[in-house]
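# Fold and contact review
Chain by chain, the residues:
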Amino acid sequence: MNARKADQVTRELDAFTHWFAGPETSNAGHFLTLTLFAESPDTARVARDMTAVFMRDTGAEEVVDDARLIVSELVGNVVNHALPDQELARPGGARRIDVTFKVWPKWVFLGVGDEDSSPPLLPLGDAFPPGLAGELSEAVLPDSGRGLLIVQRLAAAVWWRQDERGGKTVWCRFDRDSSAKDPTDG
């Protein structure tokens, strides 16, 4: 393995370790989870606004716009497509959406969780090469999956995992500039 590839693998493993790390004040991380409900008429707006506030408050201004768009797409997917697992469904109950933020000096992790264990349909790649797609009208582009394609283009990594209690969370990661500074540092 060449040195460049080894460095890339080391960075990926470091990011993976931080994604699993718990909130401790000694490790310069900032964490927030908010719970929203899919049936609320302003769920997507609240999710976008809270994303912007949290990113700015934690010094992650460089990802505010992309993070807002990603959260909006993922929350929209829950609102439009998620059906709670049978054991999580409550007659007449609202569908729960959990939005989780983990901000580190080197990374930002965003997770949008729902009560549906069905895997998201993450696009495997471009349906058309970028040069050709720019010439095509929207009529020939895929009807669904474009939101997750946007998420994949904006984030450094996108994955999902089933939750122990049922449901799933779609996660994404932004790699921050190594010069990013924690606002709590003097």
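Residues numbered from 1 in each chain as written. Predicted model: local features only at pLDDT ≥ 70, side-chain atom pairs only at ≥ 80, totals over all residues. Heavy atoms only, no water.

### Details of the pairing of strand β4 (residues 157-162)
Convention followed: Paired strands are those between which DSSP finds at least two bridges. Comment: elements are numbered from the N terminus, with helices defined as DSSP H or I runs of at least four residues and strands as E runs of at least two.
Here 6 bridges tie β4 to strand β5 (residues 168-175), and the two strands are oriented antiparallel to one another. Within β5, the residue paired with V158 across the bridge is C172. Between β4 and β5, which pair antiparallel in sequence order, lie 5 residues; one of them, G166, sits at a positive phi of approximately 115°.

### Focus on the sheet that holds strand β2 (residues 96-103)
Spelled out, the test is: Lines fitted to C-alpha atoms define the axes here, with helix axes fitted over just the stretch in contact, and angles between the N-to-C directions of these axes take values from 0 to 180 degrees. Only heavy atoms enter the contact rule, under which two residues are in contact if any of them lie within 4.5 Å.
Overall, antiparallel pairing links the 5 strands, which are arranged β1-β2-β3-β5-β4 in an open sheet. Each having just a single partner strand, β1 (30-37) and β4 make up the two edges of the open sheet. The sheet shows a mean angle of 15° between the axes of neighbouring strands, taken without regard to direction. Direction of pairing for strand β3 (residues 107-114) relative to β5: antiparallel, over a ladder of 8 bridges. Note on β5: the bridge partner recorded for L110 is C172. Across the sheet, helix α2 (residues 43-57) touches β1, β2 and β3, and the angle it forms with β1 is around 170°.

### Focus on the side chain of R176
Convention followed: Polar contact is defined as a pair of N or O atoms within 3.5 Å, subject to the rule that within protein one atom must be able to donate a hydrogen and the other to accept it, and that residues adjacent in sequence are counted only when both atoms are side-chain atoms.
Along the chain, R176 falls in the segment after β5. Among the polar contacts made by the side chain of R176, one reaches the main-chain carbonyl oxygen of G59 at a distance of 2.7 Å. Within the structure, R176 has its side chain in polar contact with the side chain of E62 (distance 2.6 Å).

### Comments concerning the packing of aromatic side chains
Rules: For Phe, Tyr and Trp, where Trp contributes only its six-membered ring, two rings pair if their centres lie within 6.5 Å, and the inter-plane angle classes them as stacked under 30 degrees, edge-to-face over 60, or tilted in between. Buried means the residue's accessible area, taken with a 1.4 Å probe over protein chains only, is under 20% of the maximum for its type, while exposed means over 50%, and partly exposed covers the values in between.
As enumerated under the stated definition, the model contains 3 aromatic pairs in all. Relative to W159, the ring of F109 lies with its centre 6.4 Å away and its plane at 80°, an arrangement referred to as edge-to-face. Highlighted residues: F109 in strand β3 and W159 in strand β4, separated in sequence by 50 residues. Given the relative accessible area of 22%, W159 is considered partly exposed.

### Focus: α2
For clarity, the threshold we go by: For a helix, the expected span equals 1.5 Å multiplied by the number of residues minus one.
End to end, α2 covers 21 Å across 15 residues, agreeing with the expected 21 Å (1.5 Å per residue, within 8%). What α2 keeps buried is the set T43, A47, T51, A52, F54 and M55. Summarising the contacts, the buried residues of α2 are in contact with β1, α3 (64-81), β2 and β3. With its phi angle positive at about 80°, G59 sits one or two positions after the end of α2.

### Quick word on the packing of α3 against helix α5 (residues 146-154)
The geometry of a pair of packed helices is captured by two quantities: the angle between their axes and the separation between those axes. Threshold: Any angle that falls under 35 degrees is termed roughly parallel, while one over 145 is termed roughly antiparallel, one within 65 to 115 roughly perpendicular, and all others oblique. Helix crossings are classified by the rotation of the near helix relative to the far one: an anticlockwise turn of less than a right angle makes the crossing left-handed, while a clockwise turn makes it right-handed. Amino acids outside the nonpolar list (Ala, Val, Leu, Ile, Met, Phe, Trp, Tyr, Cys, Pro) and the charged list (Asp, Glu, Lys, Arg) are all regarded as polar, and Gly is one of them.
Orientation of α3 relative to α5, taken along the N-to-C sense of each, is 150°, at an axis distance of 9 Å. Considering their axes alone, α3 and α5 lie roughly antiparallel with respect to each other. Crossing handedness for the pair α3 and α5: left-handed. Residues D66, L69, I70, E73, L74 and N77 of α3 lie in contact with α5, whose contacting residues are G147, L148, I150, V151 and L154. Class assignment of the residues belonging to the contact of α3 with α5 gives a composition of 7 nonpolar, 2 polar and 2 charged.

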